[in-house]
Every structure is written in C-alpha cells, then in structure tokens.
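As a plain string of letters, each chain reads:
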Amino acid sequence: MDKTYQPQAIEKSWYQTWEKNGFFKPSGVGESYCIMIPPPNVTGSLHMGHGFQESIMDALIRYHRMKGRNTLWQVGTDHAGIATQMVVERQLDAQGISRHDLGREKFIEKVWEWKAESGGTITQQLRRLGASPDWSRERFTMDDGFYKAVQEVFIRLYEEKLIYRGKRLVNWDPKLHTAVSDLEVISEEEDGHLWHFRYPLTDGSGHLVVATTRPETMLGDTAVAVHPEDERYRQLIGKTITLPLVGREIPIIADDYVDREFGTGCVKITPAHDFNDYEMGQRHSLPMINIFDNDARTNANVPEKYRSMDRFDARTLVVEDLQALGLLEKIDDHKLKVPRGDRTGVVIEPYLTDQWYVKTQPLAEEAIRAVEDGDIQFVPKQYENMYFSWMRDIQDWCISRQLWWGHRIPAWYDRQGNVYVGRSEAEVRQKHNLPDDLSLQQDDDVLDTWFSSGLWTFGTLGWPEQTDLLKTFHSTDVLVTGFDIIFFWVARMIMLTLHFRKEVPFHTVYVHGLVRDSHGQKMSKSKGNVIDPIDLIDGIELEDLVAKRTAGMMVPRMREKIEKQTRKEFPNGLAAYGTDALRYTYYSLASTGRDIKFDVGRIEGFRNFCNKIWNASRYVLMNCEVQDEQGNRLSAHDCDQDNSGGYELSVADRWIISRLQQVEKAFAEGVESYRFDLASQALYDFIWNEYCSWYLELSKPVLTSADFSAAQKKGTRRTLIRVLEATLRLAHPLMPFITEEIWQRIKDLAGVSTADGQGETIMTARLPECEPGKIDQQAMADVKWLQGVIEGVRNIRGEMNISPAKSIPLFFANGSANDRRCLDDNRLFLTRLASLESITWLNPGDTAPMSATALVGDMEILVPMAGLIDVAAETARLNKEIDKLKKESARVQGKLGNAKFVDNAPAEVVQKEKDKLADMQAALGKLEEQAIKLATL
RNA sequence: AGGACUAUAGCUCAGUUGGUUAGAGCGCUACCUUGACAUGGUAGAGGUCCCCAGUUCGAAUCUGGGUAGUCCUACCA
C-alpha cells in the first residue's frame, strides 16, 4: 500500500466495476426499500446542493442495501421546460436563428439533439460522487412512457372536472412569452416612485388625486376606488372621472379594500393588469381593458399616440404628457416589491390569457390529511407547518405554458372553439363522433414541468401499467429534498399520487438544509462564490478557479472583486480531497439546521481522516502478513482466517470489540433518525480516537514482545483485522471508495466467506450490527483504568517537558486490590505505552521518593523528580490542579449545604453529588499534602 | 403585517426526557521525525452557553419578554 492515501488512484475504477457488475440494481430479495431521486434539471451541472443531497441518498441506499433490503434508487432527469428551451434558443441565437425561423417541429428536434450531446453532464457527475442508483432504469420526464402517464393524468383529471380552461389574470413573462406560476416569480424590494396624478371629475367640479407606481397602466383604468366610509370622498361615489389622455369616462366606486391611510386614499383601478384590481373589477363588474400585447408593448386599446410602445417608454411618455397638462401633482420616492421572473429577471406582467388550471382544493384536502394522519412524516417535523399553511390556502394551479419544449396538452379545438380532450386526434374524433372533414387543431401549449414531475414516484415505475415494480417499490420509503421545493414539487407529488394511486408517494420527507458558502452566503454564479464539488474531488489550480468564477462576468468591477476575493480565500486553489472526504464533510454537516455553511477547512480534516484509515490498515496488514520490501504479501500470519480457533483475547481485544458494538448501535441510530452528523461523528471518534489512538498502540506490545504467547498474538491479529473489516463495512455507506479498496485487500485475512458470490464487493456485504453479548464491561473498565494511568504519566511528561524518548520509573501508592490486579494484568501495556523504565508497587508504610503526582481514582501514581523535574514547575502544576478542584468542590459543597436541594432532589442525584465531593476532597487532600512536601524541600 | 428558524470556544458545529467539571473538528501555543500515518503524535490555552425576567432544590436545556440575523408567506395603489 502507498504510504499516503491517493483517492484518485482508486475511485474511478471501483465505480466502473460496480456499475459494470450491476451491483446497483435491486437484489430482488428481501423487503423493498426505494428512494426516488429528485430529478435534476437536464440542463444542470452538479452544484454543492446536489452533492449534499445525493450523498445523503446514497448513504441511505447503501445502508439499507447492506441491511439486506431489496433496494431501488430510481434515477433520472427532468426535461425542465423553460430552462432547456432557453439553453437551446441561446445556442440558435448565436447562429442568428430564432426558434420561429425553424418552426416547432425542427426546434424540438434540435432540443433532442442538444439533450443527446449535453444532457448527460449531471449524471456523469453523479457517478463521480459514488452514487449508486440503478442506472439501467434511468428515466427522463420526456420519455414516451412518461408522456403516457402525463397524458393519462391530464385526461382523467379533465374528465373528473378537476382540470378546466379559463381566461384569468396570470403572471406573464414578456420575454419568454409564457405564463409562469406564482412560485416562479420572485418579488423583491426595489427603489421606485409613487406618482400622484390629478384625475378631473367629469362634471368639472374638481379632481381626485390618485397615486400609482405604474403610471402607464392608467391607459387601462376603468374606475377609481375610494373607501366607502371615507368622509373626504363619500359625496363623490357614483360620480365619474374623465380619464386624462384617454378621455374615457370611468366611475368612482366604493370598496373597503381601499386603505384610507395610504397615499391619497384614492386608487386607480386597472382590472386587466393588477391582481387586486382584477378582483375588484369582478366585484363591481368593471370592464377589463387589456392594454398590452405578448411583449408587454402597448396595443390598439390605447390612444394612437401611445401605441406599440415598450411599457417603460409608455410610462415616461404618460408622465410627461400628464405633467404638460398640469395633472402631475408630485413624485415621491417609494420602495416597492417588483415581481420578476426567476429565469429571465424581467418584470412580470399580470396579463389576461386563456390557460389551463388544476382545481387543487379537493386534491389538497386529501394531501393535508395524509400528513395529519402521519402517513407521511416530515423530518424535521417543523416543516409540516410550512406544508400545512401553504396547502390550506392553496390557489388553483395554472398548468399551461406557452412553450414548445414540454408535454403538449392533449386537447383539440374546432373552429367554434369547442374543446375535445383525448389521447390523440383520432381518439377524440371517435369519442365525440366528429366528422372527418371537421378541422381540429391541437392546443399549442405544453404543461408545466412540475405537472409531470408530480408523477415522478409512480410514473417512473411504469404507471399506468400495473407493473411488478410498481407493486414492489411504491409507496417509496423516503424523499430527500430541500425545503425550497416543498411547494413546487413535494406538495404536488403528494396531491397527484394520492389521487391516482390512493396511496402516498413516500412515507417520509427528509428535508435538509441548503448549502451556503463559509460566510453563510448563498452560492451563486453572480456572487462568484460557487464551489464545484468536482473541483473539491479532483482539485483545481488557483488560476483555473479564478477563470471559472469570472467567466461570463460582464461588469469589470464585479470581475475584479470576485477575482480578489477568490485569490484571498483560496491562495493555493483547491487540493484534490477525493470523493470520500467530500462525502464525509457533507455528512458531518447534516444536522437539523436550515443553513449549511461549507468551510473548505473541514474537508481537509476528513481527507486526513481517510489517510488515517489508510495508514491504520497499512499497519494491520503489515502485522497480519509477511511482506516484502514493497509491501507485497509473501505469506499470511495466522489471523484465524480459517476460523480454526485456538486464540486468546487480551483485555484490549475485548475492549475494542465492545466499543465496536456500541458504535454500531450509535451509527444505526444516527442514520435511522437522519442525523448523519451524529452517525459520522460516532464513527470518526471510534476509528481515530479508539481504534487508531489506543487499540493499535495496545496491539504493538502483544505483537512485538516475546512475553506474549502465540495464542495471544493470534487473538490480537484476529481482532485487529476483524474489527477493521467490520468497521469498513460500517463506514461503507458514507465513504464507499476507500472502504472497498481496503476491504478487498483484507477480506480473506478477516475470514470473509466467498461462498455464493458473497465477498465479491463490500457493497453487498452485511452491515455489522450491535451484538450486546459481545460487550465486556470488565474489559471496558480495565482499559479505562489503563488509559487513566497512561494519561496521568503523559500529563506529567507533557507539563514537565520530559522527552518522550526518556524512559522513566513509576511508583504506585495507595492502590486497591483492584488497582493491583489491573496493574498485574496490564504491566506490559503500561510499560510500553507510557515508556516506563520500571514499575514499583508501594505497600502501606513504604516510603516514596520525592515525586510528581497524578491521581487515578484513589490511587496515586508517582514519577520521581530526581534529575527530571523542577520543583517550581511541579508546584505550579499541582497548584493549578488544586485550584480547579477547590473551586469545583466549593460549588458542590454549597449545593449540598442547601437544604432545599437535599430535601427535594432525587436521592440518587444527591448521592452522586456527595460521592463527587468525597472524591474531590480526597484528591484535594493528597495534592495538598504533596504540595506541602514540595514546599519543605 | 403574520409565521418559522437560528444565537454555545477565534471559526464551523454537537449537546438526547432539566442534574456533565459544557464537548468535537479546524485554528492557536509548546514539545516531538518513536518502527501505520507530519494528511502524524503528546500536552496545553481558550466559553458571562445573545440579554432580561420567571418556573424549579437545580436552567445551555422549560416559559414569557427583548435584541440580532436568516428565511418563508401575504402585502398599500
């Protein structure tokens, strides 16, 4: 084995081996376990959020696979209507072609071409993470099979009157020329103005002042509203205004929606271009005058002078003209929320169009109940509130999009505008007895991408066919997702699946946090703080990283800022940490919080952890094999690989086996409660601070000393290799590559059976589980004693600056029979680990040399000072210890002196405090006595 | 405006049903190339558990009220 861990040397080849051998497929035996991947956008590439999410899913999948479950991780990508269409349009744009030049069919061909060439980026990157989904079942939401499911759902919902078509105000993206859902609109506060206009009364008796943030919409005003009880305007209700610039006579109406306090208390009403005005328009049967076209340019419904203008140019002109007429009262600065499309960034226009809707109310009721009844559980639980609050106030869902790329709506129209819904034109004709010469035209629109991804859990398994897969794996076990798409996706999946399958899509929704940079900032291209997970795996030079982060940055000032910040934060670029280290970092951060700050400092620690495992394994192999100088195996020592027995286990062996059982339990608890931070922490502690720091050191005396028998050596070799082997299996779900690599090298020595294809890969080996019978309390107590003595000696050494190379004599005083037994049992371990020159047991009455002292329970351990220790230094060390004990014992004494505590607290708590005090006072006495002795020197 | 979440060591975070001498990793200090590992070892320093009040014998933990931050939902033209 190499002296250091080299991830790049092992990762790719193991992955290929696993995939080639079909290890990712369901085994076909055992209880099913299934996770559906949230299908990543086909245009996407892997970011830190994906990395985190996929790592968690893979850990769950590998864990349950190793527990013997029939495990399916369903993988696939989403066709992402808007995003994909934009990518391909941009490419065409570069050649000076628009999609309209090509026409719909040719354009869709181009999209498929693009998908074939570039659509696999993210799935290749997923492989680099070590993800183990069943690639043979990979699906795409635009597959024919999936389309069948989408069509079926649309038709059935239509027939059940849960889908309808209507003319409504929608969020219109004038750049994309499509409706978008509320969720795709981001409203953020921006600086704007509040314009105050005078609207003259038709009867010439004066004017009203209205305030608006969007002056251009006045061209579509059909009323002015005031509050019914507003004394200032009461007498005007029912009168009319002559709309300036337009000349239209519009009524002054009363509606208690109007806030008397805001602005002037008069509101201009534009029902066709504002959601609130729309509702008011309906209440008062106002005309709706649409003043824009699809580009949000003014149309023929406005006076000649203002036609065919961009909405913002129209705004300027309207304001100018009103001012010229003396109707502009004032302009105030005003902060307002501006709705922008999350893809395009352009201002979204409320716009009247014909769209298809899903009536969500009835679906939502079922979906709420499923969570209320606990059929679906959110982890952490508080996300259920978020889910309920949205569900209980749900709006009908606009599912049509004016795009070309997507599932085309299965509806046909005749010349009269009658609608026929069906699987095909032929089916529609047959069903409705339509004559052949009646011309029919299919709806041009496609469905919202989330409509199809809402069917993901059952659509991928073959529905509407009743497949075996569906029977076996649906409902799935857990959905792993970010809280940002609970509404977009999770809620819709629950609604649609309950309706069509009469069962939940998944039993648990594990909601994880969102990955941010080390300062808690969202990672985004525009901020230039993105870290590519692949760069953490492979490493990247500083110059390449800078180039990558500033690519496409148009504003030079931003470019400079990002470059500077990148050079400062990563002066040496990023090292190649490897997949396992990256994954472990993710797990360690996966607690219940909502934000996950990713600090590159942490991944380095886990790379070191991998190296630790690597080198511990190297040590184990060196001791279980006879090796040549290159470390190749010449022959094997007897490690009981043939299960012949005849070995003896030391205290250390029994201790590490006990601790292994306990960590297996802690790990399982962590994983099963989705606390990967706790699971990974337990494993890390065990491997580094127990197996490596103590057990390997304790094995050295046994293996290198002639004082131990062959049976004892065999016992220790057996334990070394078998505990390592079990630990690798335990760690495999978190760090798949390094565990497989090492496991393959040690499995035969650990006696892993190779019968029945077992032992082919660690992936399908059994996860080790806690066997309480193997926990040996005596061994645990004895090792604790041993550690106490060794740490006492090391403390003296460390603080007294005694070279570790120097062997020192050690005396034991005031020891009990148990101390004596422990010493006798562990003399060799002690001598070696504390590098002792001699050990002397003092009986009562024996005189001890002048020494530095440490306490292990009631027993004192003494390191003679002669020639080693400075009196002043030892006095200082003792005093520090004495101070600490004094403070603490005073505190406990106070507590015990409090009658209320003694009377009210449970007896065992009081007793515990009493014992604590007694121990501390005994220790204090000894240390003080020692201090006095030193002082008299 | 309503709601949620967060606040613990210089930094990133754990802390289970109230009883711990409040922990880990990174960073820091000193010493150490000892035979698995310097991507290492040993020892050490470092905390008013955001603030105030309350419940309790006892609060990092429970309750109320603040403060700060993050986010969601709904918004006033």
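Note that this is a predicted model, so its numbers are computed, not measured.

The next subject is the side chain of Thr 566. Within the secondary structure, Thr 566 is located in helix H19 (residues 556-569). Using a relative accessible area of 1% as the deciding quantity, one classes Thr 566 as buried. Thr 566 has contacts with Gly 528, Leu 542, Leu 545, Val 546 and Arg 549, leaving out every residue within four places of it along the chain.

This part covers the protein's contact with RNA strand B. Around RNA strand B, a shell composed of 55 residues is seen, among which Asp 259, Asn 276, Lys 337, Ser 591 and Lys 916 lie nearest. Here Arg 832 contributes a side-chain N or O atom positioned 2.9 Å from a base nitrogen of RNA strand B. At 10 residues, helix H21 (residues 600-624) tops the list of elements feeding residues into the surface near RNA strand B. Broken down by class, the residue content of the surface near RNA strand B amounts to 16 nonpolar, 16 polar and 23 charged.

Turning next to empty space enclosed by the protein. A full pass over the atoms with the stated rule returns 2 cavities of 30 Å³ or more. Its boundaries defined by the atoms lining it, the largest cavity holds a volume of some 80 Å³. In terms of lining, the largest cavity is formed by Ile 613, Ala 616, Ile 687, Tyr 691, Leu 724, Thr 727, Leu 728, Ala 731 and Thr 739. Of all the secondary-structure elements, those providing two or more residues to the lining of the largest cavity are H21, helix H23 (676-704) and helix H24 (710-731). Considering each element in turn, the lining of the largest cavity owes the most residues, 4 residues, to H24. Classifying every residue of the lining of the largest cavity by side-chain character gives 7 nonpolar, 2 polar and no charged. The wall of the second largest cavity is formed by Ile 82, Asp 173, Leu 176, Val 180, Glu 184, Gly 341, Asp 342, Arg 343 and Thr 344. When its residues are assigned to classes, the lining of the second largest cavity shows 3 nonpolar, 2 polar and 4 charged.

Overall, antiparallel pairing links the 4 strands, which are arranged E6-E5-E14-E16 in an open sheet. Every interior strand has two partners, whereas the edge strands, strand E6 (178-180) and strand E16 (397-398), have only one. In terms of strand pairing, strand E5 (residues 163-173) meets strand E14 (residues 349-358) through 10 bridges, oriented antiparallel. Within E14, the position partnered with Ile 163 by the bridge is Val 358. Where helix H8 (residues 275-283) meets the sheet, its contacts fall on E5 and E14, and the angle it forms with E5 comes to roughly 140°.

Turning our attention to the nonpolar core. In this structure, Phe 451 and Phe 812 are the most contacted members of the largest nonpolar core, which totals 217 residues. With 14 residues, H23 is the largest single contributor of residues to this core. Residues within four places of Phe 451 in sequence aside, it is in contact with Val 150, Val 153, Phe 154, Leu 157, Ile 163, Val 358, Trp 397, Ile 399 and Leu 496. Core analysis: the second largest hydrophobic core is formed by 36 residues, Trp 172, Tyr 233, Ile 252 and Val 318 among them.

Before going further, it helps to examine the pattern of salt bridges. Where side chains of opposite charge bring their charged atoms close, a pairing between them can arise. Counted by the stated rule, this structure contains 72 salt bridges. The shortest N-O distance in the salt bridge between Arg 423 and Glu 427 comes to 3.3 Å. In this structure, the salt-bridge partner of Arg 659 is Glu 690, at a minimum N-O distance of 2.6 Å. Placement of the pair is Arg 659 in helix H22 (residues 651-672) and Glu 690 in helix H23, with a sequence separation of 31 residues. Each member of the pair, Arg 659 as well as Glu 690, carries the same accessibility label: buried. Via salt bridges that share partners, Arg 214, Glu 216, Arg 311, Arg 315 and Glu 349 belong to a single interconnected network.

This brings us to the sheet that holds strand E20 (residues 441-442). Spatially, the 3 strands line up as an open sheet ordered E19-E18-E20, and their pairing is antiparallel. In this open sheet, the two edge strands, each paired with only one partner strand, are strand E19 (419-421) and E20. Of the pairings in the sheet, the one linking strand E18 (residues 411-413) to E20 comprises 2 bridges and is antiparallel in character. Looking at E20, one finds that Trp 412 is bridged to Gln 442.

Here we take up the pairing of strand E11 (residues 249-254). Here 3 bridges tie strand E9 (residues 223-226) to E11, and the two strands are oriented parallel to one another. Note on E11: the bridge partner recorded for Val 226 is Ala 254. With 3 bridges joining them, strand E10 (residues 240-242) and E11 adopt antiparallel strand pairing. Counterpart to Thr 242 in the pairing with E11 is Glu 249. Where E10 folds back on E11, the antiparallel hairpin that results is connected by 6 residues, among which Leu 245 adopts a positive phi of roughly 70°.

Moving on, we come to the side chain of Thr 222. Here Thr 222 is to be found in the loop between strand E8 (207-212) and E9. Polar contacts involving the side chain of Thr 222 include one to the main-chain carbonyl oxygen of Pro 287, which spans 3.1 Å. Those residues in contact with Thr 222, other than ones at most four positions away along the chain, are Ile 250, Pro 251, Ile 269, Pro 271, Leu 286, Pro 287 and Ile 289.

This part takes up the confidence of the model for chain A. For chain A, per-residue confidence averages 90 on the pLDDT scale, and 100% of positions sit at 70 or higher. This complex was scored by the predictor with a pTM of 0.92 and an ipTM of 0.94.

The rules behind the values
- Each residue is numbered by its place in its chain's sequence as written, counting from 1.
- Each chain is given a letter, starting from A, and each ligand a number, starting from 1, according to the order in which they appear as written.
- Local features in this predicted model are restricted to residues of pLDDT 70 or higher, and side-chain atom pairs are both shown and tallied only at a pLDDT of 80 or more, whereas totals for entire chains, interfaces and linings draw on every residue.
- Processing note: side-chain calculations cover all non-hydrogen atoms of the structure and skip hydrogens and water entirely.
- The helix and strand labels rest on DSSP assignments: H or I over at least four residues marks a helix, E over at least two residues marks a strand, and numbering proceeds from the N terminus.
- Exposed residues in this analysis have more than 50% of their type's maximum accessible area, buried residues have under 20%, and partly exposed residues fall in between, with area computed by a 1.4 Å probe over protein chains only.
- Residues are treated as being in contact if the distance between any of their heavy atoms lies within 4.5 Å.
- One heavy atom within 4 Å of a molecule or strand makes the whole residue count as near it.
- Pairs of N or O atoms within 3.5 Å make up the polar contacts considered here, provided that, within protein, one atom can donate a hydrogen while the other can accept it, and that residues adjacent in sequence are counted only when both atoms are side-chain atoms.
- Just so you know the grouping, Ala, Val, Leu, Ile, Met, Phe, Trp, Tyr, Cys and Pro go in nonpolar, Asp, Glu, Lys and Arg go in charged, and all remaining residues, Gly too, go in polar.
- In the cavity and pocket records, a cavity denotes points on a 1 Å grid over the protein atoms alone where a 1.4 Å probe fits but cannot get out, a pocket denotes an open set with protein on both sides within 12 Å along at least 5 of 7 lines, and lining residues are residues with an atom within 4 Å of a point.
- Grid points are joined across faces, edges and corners, and a volume is the space filled by probe spheres set on the points.
- At least two DSSP bridges between two strands are required for those strands to pair.
- In this analysis an axis means a line fitted to C-alpha atoms, helices contributing only their contacting stretch, and an angle means the value between N-to-C directions, from 0 to 180 degrees.
- Side-chain atoms within 4.5 Å are what join buried Ala, Val, Leu, Ile, Met, Phe, Trp, Tyr and Cys residues into a set we call a nonpolar core.
- What makes a salt bridge here is a side-chain nitrogen of Lys or Arg within 4 Å of a carboxyl oxygen of Asp or Glu, nothing more.
- Per-residue confidence from the predictor is given as pLDDT, running between 0 and 100.

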